[in-house]
Amino acid sequence: MRATKESDLDALLRLESLFSSDRLNKRSLLHLLRRGQADLWVAETVGEVIGHGVVFYHCKRTSARLYSLIVLPEMQGQGIGHLLLAFSEDYAREKGKKGMVLEVWEDNVPAIRLYKRAGYQISKRLPEYYEDGTSALRHFKNFFG
């Protein structure tokens, strides 16, 4: 795992294109890389970006927000998502955050399973949350409890 660089932009856009909606575009990614209140992480193997995560921070909130976490389909099931998640949580704790919140498509069973194994609890169902009308499940993890 490492911090994202601008030279990773094309790889990030390819990963984001795997989402059916609510993708980060080039402009948004550049903004986050240059001056956003966010951490962007990549997982790579042999110099190829195979996954990435984006965590947002708000100075008035005690929790960080995992905005995006994705791994190339052919690399899924190898623990890369878990590593990206744990890495993101570690940095959020270092920044003084007490927990992490995230939303996930309610039909994304592998992601829901990943978050449950990592200690996340479903806190709310959000009907028609995404641009495509799909509902989301909000998850939360308290780092200290």
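Here, every reference points to the structure presented above.
Right, let's walk through the structure included here. Being a predicted model, the structure only gives us computed values, none of them experimental. (Residues numbered from 1 in each chain as written. Predicted model: local features only at pLDDT ≥ 70, side-chain atom pairs only at ≥ 80, totals over all residues. Heavy atoms only, no water.)

All right, on to the environment of E44 then. Inspection of the secondary structure assignment puts E44 in strand β2 (residues 38-45). The spacing of E44 and R2 is 42 residues in sequence and 8.4 Å in space, taken between C-alpha atoms. Discounting chain neighbours no more than four positions away, the residues touching E44 are R2, V49 and I50. A polar side-chain atom of E44 sits 2.9 Å from a polar atom in the side chain of R2. (Helix = DSSP H or I, 4+ residues; strand = E, 2+ residues; numbered from the N terminus. Contact = heavy atoms within 4.5 Å. Polar contact = N/O pair within 3.5 Å; in protein donor to acceptor, adjacent residues only side chain to side chain.)

Read across the sheet, 7 strands follow the order β1-β2-β3-β4-β5-β7-β6 without closing on themselves; strand pairing throughout is mixed. Both outer strands of the open sheet, β1 (2-3) and β6 (121-126), are each paired with one neighbouring strand and no more. Relative to strand β3 (residues 48-56), helix α1 (residues 9-16) is tilted by about 80 degrees, and along the sheet it contacts β2, β3 and β4 (63-71). In the packing of helix α2 (residues 26-35) onto the sheet, the strands contacted are β2 and β3, and the crossing angle to β2 comes to about 105 degrees. (Pairing = 2+ DSSP bridges. Axes fitted to C-alpha atoms, helices over the stretch in contact; angles between N-to-C directions.)

So, about the packing of aromatic side chains. Applying the stated rule across the entire model yields 8 aromatic pairs. The interplanar angle of 65 degrees and the centroid separation of 5.8 Å between the aromatic rings of Y115 and Y120 together place this pair among those described as edge-to-face. Y120 carries the same exposure label as Y115, and that label is buried. Against the face of F143 rests R93, its NZ or CZ located 4.7 Å from the ring centre. Between K95 and the ring centre of Y57, over which it is positioned, the NZ or CZ distance is 4.5 Å. (Phe/Tyr/Trp six-rings, centres within 6.5 Å; stacked < 30°, edge-to-face > 60°. Buried < 20%, exposed > 50% of the residue type's maximum accessible area, 1.4 Å probe, protein only. Lys NZ or Arg CZ within 6 Å of the ring centre and 35° of its normal.)

A word on the environment of L30. Tracing the chain through its elements places L30 in helix α2. Residues L30 and D132 lie 102 residues apart in sequence; the distance between their C-alpha atoms is 24 Å. Those residues in contact with L30 that lie beyond four places of it in its chain are E6 and L9.

Our next topic: the pattern of salt bridges. Taken as a whole and judged by the stated rule, the model has 9 salt bridges. Across the pair R2 and D8 runs a salt bridge, and its minimum N-O distance is 2.8 Å. This pair shows no difference in class: R2 is buried, exactly as D8 is. E89 is the salt-bridge partner of K141, the closest N and O atoms lying 3.1 Å from each other. A residue pair is termed long-range when its members are at least 10 positions apart, and K141 in strand β7 (residues 136-142) and E89 in helix α3 (residues 80-94) qualify at 52 residues. For E89, a relative accessible area of 5% translates into the label buried. Sharing partners across several salt bridges, the network here consists of R2, D8 and E44. (Salt bridge = Lys/Arg side-chain N within 4 Å of Asp/Glu carboxyl O.)

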